[in-house]
Amino acid sequence: MLIKEYIEIIQDEFPYLFTLYGFKVTYSEQVKPYECRVGVESETCRMLFVRERGEGVIFLGHLTVGFYNEDNDEWMSLVGMINYLTRKKIDWSLINEYRDEERIRPGMRLVSQKFEPLCAEMLEMFDTNEKISTWKPKYKQYKREMRLQG
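Here is what the cut-offs are and how they apply
- Residues numbered from 1 in each chain as written.
- Predicted model: local features only at pLDDT ≥ 70, side-chain atom pairs only at ≥ 80, totals over all residues.
- Heavy atoms only, no water.
- Helix = DSSP H or I, 4+ residues; strand = E, 2+ residues; numbered from the N terminus.
- Buried < 20%, exposed > 50% of the residue type's maximum accessible area, 1.4 Å probe, protein only.
- Polar contact = N/O pair within 3.5 Å; in protein donor to acceptor, adjacent residues only side chain to side chain.
- Contact = heavy atoms within 4.5 Å.
- Arc of directions from axis to C-beta.
- Pairing = 2+ DSSP bridges.
- Phe/Tyr/Trp six-rings, centres within 6.5 Å; stacked < 30°, edge-to-face > 60°.

Side note on the side chain of serine 42
Okay, so step 1: Relative to the elements of secondary structure, serine 42 occurs in the loop between β2 (35-41) and β3 (46-51).
Okay, so step 2: Looking at serine 42, the relative accessible area reads 9%, which means it is buried.
Okay, so step 3: Side chain to side chain, serine 42 and threonine 44 meet in a polar contact 3.1 Å long.
Okay, so step 4: If we ignore the near neighbours within four places in the chain, the residues touching serine 42 are Tyr21, Gly22, Phe23 and Leu63.

Structural notes on helix α1 (residues 3-13)
Okay, so step 1: Listed as buried for α1 are Ile3, Tyr6, Ile7, Ile9, Ile10 and Glu13. What you see down the axis of α1 is that its buried residues fit within an arc of 160 degrees, all on one side.
Okay, so step 2: Residues of α1 that are buried in the fold lie against α2 (15-19), β1 (24-32), β2, β3 and α4 (104-115).

Things to note about the pairing of β2
Okay, so step 1: By the criterion of burial, β2 is predominantly enclosed, with six of the seven residues buried.
Okay, so step 2: Note: β1 against β2, seven bridges, orientation antiparallel. What sits directly across from glutamate 29, in β2, is arginine 37.
Okay, so step 3: Between β1 and the antiparallel strand that follows it, β2, lie two residues.
Okay, so step 4: For β2 and β3, the ladder comprises six bridges, and the chain directions are antiparallel. Paired with glycine 39 across the two strands is leucine 48, which belongs to β3.
Okay, so step 5: The loop that links β2 with its antiparallel partner β3 comprises four residues.

Some details on the packing of aromatic side chains
Working definition: an aromatic ring pair is given by the centre-to-centre distance plus the angle between the planes.
Okay, so step 1: Following the criterion strictly, the structure yields ten aromatic pairs and no others.
Okay, so step 2: Ring centres 5.3 Å apart and planes at 20 degrees place the aromatic pair tyrosine 27 and phenylalanine 67 in the stacked group. Of this pair, tyrosine 27 sits in strand β1 while phenylalanine 67 sits in the loop between β4 (57-61) and β5 (76-77); the two residues are 40 residues apart in sequence, bridging distant segments of the chain.
Okay, so step 3: Consider the rings of phenylalanine 67 and tryptophan 75, whose centres lie 6.1 Å apart with planes at 25 degrees: the pair is stacked. Per residue, the accessibility class of phenylalanine 67 equals that of tryptophan 75, and both read buried.

Points about the environment of cysteine 45
Okay, so step 1: Position of cysteine 45 relative to the elements: it lies in the loop between β2 and β3.
Okay, so step 2: Cysteine 45 sits in the buried class, given a relative accessible area of 0%.
Okay, so step 3: If we skip the residues at most four places from it in the chain, cysteine 45 touches Phe23, Val40, Gly61, Leu63, Leu123 and Phe126.

Function-wise, these values are silent; they only describe arrangement.
Structure below.
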């Protein structure tokens, strides 16, 4: 999948980010033919869409976090944050019938549908480092508990 197509899918499946919250694509990188990274940002935070396999992974972070490395403590998984705020896991069985690149759009659509009602609240959580420090320890504890539960 080429980066241009991946950006179009992001814009199609998360239109509210661009129309309501003022996000703009500010970073894109085609790493390999099947691997790409797209960074979007607003006045309050950044999001990083990473496509390596399957439908990819989406991260949220403060405006100061770099787009080049999602494997750090500053990026938070969007799905993890949705699970944390709703206290229930996303049911991925809805996209199990899709394989490989066919999963990208339905996977993003599913995450987008879960994210949209929480979007304003979640974006505000990343507005400042002070705000992040108030909920981040609870989020990390939640993740540990979920790992222990399997």
